[in-house]
Amino acid sequence: MSGAALGIEIVVVFFLALFLLHRYGDFRKQQRMVLFGTLLAWYLCFLIVFILPLDVSTTIYKQCKIDHEEHVSVATVVPLPANHTSANTSSATALKPCYKPWSYIPDGIMPVFWRVVYWTSQCLTWLLLPFMQSYARSGGFSITGKIKTALIENAIYYGTYLLIFGSLLIYVAVHPDWHLSWYELQTIGITAANTWGLFLLVLLLGYGLVEIPRSYWNASRHGHLLVKTYFKASKLMTEKADAEENLEDVMEEVRKVSESIKYNHPLRKCIDTILRKCPLDYQEKMGRNMDDYEDFDDKQNSYPSEKSLVKLHKQVIYAVQRHNRTRVQWQILLHQAIHLEDVAKNETSSTHQFVHSFPPICLHPDSEWYWQCLLKCWFYRLLSVLLTLFSVAVVWSECTFFSTRPVLSLFAVFIQLAEQDYNYLYIEMACFITIFFLCTCVYSTVFRIRVFNYYYLASHHQTDAYSLQFSGMLFCRLTPPLCLNFLGLIHMDSAISHQQKEQTAYTSIMGSMRVLSFIANGFYIYYPMLIVLLCIATYFSLGTRCLNLLGFQQFLGDSEMTSDLIDEGKELIRREKRKRQRVEDGENRRREWKERYGNQREDVSARNRGIHELKETSYSDTVNSSSNRRESDDRC
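Residues numbered from 1 in each chain as written. Predicted model: local features only at pLDDT ≥ 70, side-chain atom pairs only at ≥ 80, totals over all residues. Heavy atoms only, no water.

The next point concerns a nonpolar patch on the surface. Side chains of F199, L203, L530, V532, L533, I536, Y539, F540 and L542 sit close together on the surface and give an oily, nonpolar patch of about 830 Å² of accessible area. With 4 residues, the single largest contributor to the nonpolar patch is helix α18 (residues 531-539). In this structure, L542 sits in helix α19 (residues 542-549). L542 sits in the partly exposed class, given a relative accessible area of 44%. (Patch = residues over 30% accessible without salt bridge, like charges linked within 9 Å, V, L, I, M, F, W, Y side chains within 5 Å. Areas by Shrake-Rupley, 256 points an atom, 1.4 Å probe, with all protein chains shown as cover. Salt bridge = Lys/Arg side-chain N within 4 Å of Asp/Glu carboxyl O. Helix = DSSP H or I, 4+ residues; strand = E, 2+ residues; numbered from the N terminus. Buried < 20%, exposed > 50% of the residue type's maximum accessible area, 1.4 Å probe, protein only.)

Here it is in structure tokens:
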């Protein structure tokens, strides 16, 4: 099994990243470069999370071998006293044997693996993905034009980093007491990147530790969930109307430009590229007139420049993407609202059978009623309680992980208890569950946050290229400090715990934090304590209330604006439900009409067809007989 676990997890993680990309991205419409860059970023980050427990178990095994070697060397060097019996000798020198873990990774593999994964992810997040973001959002009509636009937009971004890095190099070079080697400079760069990531990590983690358990608890309250869905419906309808209006304005501008630039104009190919990005119904309205050729050189018409067409192309891509996203989200939200209304109606049902407003393909009515109206809410409540306990353990450990004597971090206690018995399977499962929970709190926040309309991860293939790549950048910047923070929680990072223990291969590539002692002994230890304040602020919804005061409508139970939006959303759902009911009734009537009168029509048409065939047959027989009679007369 040596190395087999590593290979299996590499394959499994790849399909996990591919599944998530398929859920949020669109393989048919989005550029291959965007999909590949996002897939690679997500894959590398998930790979770090899944492989790190194997690194921990392998390091514990190596530490066990080192302890045995030191114990044997001490026992052979130090002479035993004369009154020391053999029984005492065996009990004093006996150590538990070191069993090789089933997922043991041979020496030399993990350092190379971590080095490739880490530096590839850093190149993606700091160099390639920002460039690819600008390339994907560019409205250029050629590869050269898109590359030029991307370079111009990223000139300030790259120039700022080069200026800071150059200033630090000059400062180090002229400082008389500092003689840093390449290894130490590399460590400083890694520490700076991890410090920036830890700053953002604590903010996202403090929100997720409270919001994830609360979201499952609220999901068990069907009434609360239905009211919140009405609120979302009202806001989404406003956004949907705004997207439709924006699309209409952009399409009107495209129509004017298309009419002004005829088919013998050099810029007509740019117009054709823009038209191909428009919805099909608008393309049909602006259909092409292939006979419309004009000599544009002899007329004093004002034609748009290529730069303005690039801007228009960018506006078309954004407007169409936003319109499609809001349309799909509205259908999904409408389905959720109708389902929640059905659950609310069926909760008081005495027959214990789940009745849908619009019959879907679903479970048996009895089993569905017990799951939707009885078991599901209790399952979510139990899950919420377990996640709350886990969140409390994380907050406590984040505030006490620097204490090694006594050990106050709960996760360090669990790992050390398992380490005494060398229960590697328990160690790996405990590490995986812990780091998976931390990643869920952080990554789910990345998937939930929305920065106006510039960054928004929408499921059902509705995420644009810019948001996909921005999420890849965030993952690559958050995952390394998250893993270091996890190693600190279980006291496997010697730079924080100050213990002389075998380092993990992951920690070894990060370099020694003692180069920047004020960060290792200060920021990395005390800044995570800020999670307590962030969790309190999230619990009392302080951020939501601040956004509501600034004019961004948020769901607050004690707000008059929230009540108005809930009533508006309820009316919108009722209206859409009646519309869907009319469509359903029309289809049922057509189906009944076809079943009732369709067979009769077929019988009548078959009977008429048979009579017609009989007439043709009798007519042909008559014609043949008359012709035979004439031939016989001619012979006579």
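Further notes follow.
Low pLDDT means the predicted coordinates in that region are not meant to be read closely. Looking at the chain, the pLDDT average stands at 81 and 82% of residues meet or exceed 70. This model gives residues 85-93 a pLDDT under 50, and the stretch forms 5 contacts once residues within four places in sequence are excluded. The low-confidence segment residues 289-294, where pLDDT is below 50, has 8 contacts with residues more than four positions distant or belonging to other chains. (pLDDT = per-residue confidence, 0-100. Contact = heavy atoms within 4.5 Å.)

This part is about the state of the cysteines. Applying the stated criterion across every chain yields a total of 0 disulfides. In this structure C377 is a free cysteine whose sulfur lies 8.7 Å from that of C373, the closest cysteine sulfur available. Assessed through its relative accessible area of 9%, C377 is described here as buried. Here C399 stays free of any disulfide, with the sulfur of C535 as its closest cysteine sulfur at 8.8 Å. (Disulfide = S-S within 2.5 Å.)

According to UniProt, the positions carrying the feature "transmembrane region" (unreviewed entry) are residues 6-22, 34-52, 116-135, 155-174, 186-210, 378-396, 425-446 and 523-542. Annotated as residues 34-52, this span is 100% helix and 0% strand, and its ends, taken at the C-alpha atoms, are 28 Å apart. Between the C-alpha atoms that bound residues 116-135 the distance is 26 Å, and the span itself is 100% helix and 0% strand. (UniProt positions renumbered as here; feature names shortened; annotations may be inferred.)

We now examine a negative patch on the surface. A grouping of E245, E248, D249, E253, D281 and E284 is seen on the molecular surface, where their side chains present a negatively charged patch. Going through the elements one at a time, α7 (222-260) and α9 (280-285) are the ones with two or more residues in the negative patch. Considering every element that reaches the negative patch, the biggest residue donor is α7, with 4 residues. (Lys, Arg positive; Asp, Glu negative; His and termini not counted. Charge placed at Lys NZ, Arg CZ, Asp CG, Glu CD.)

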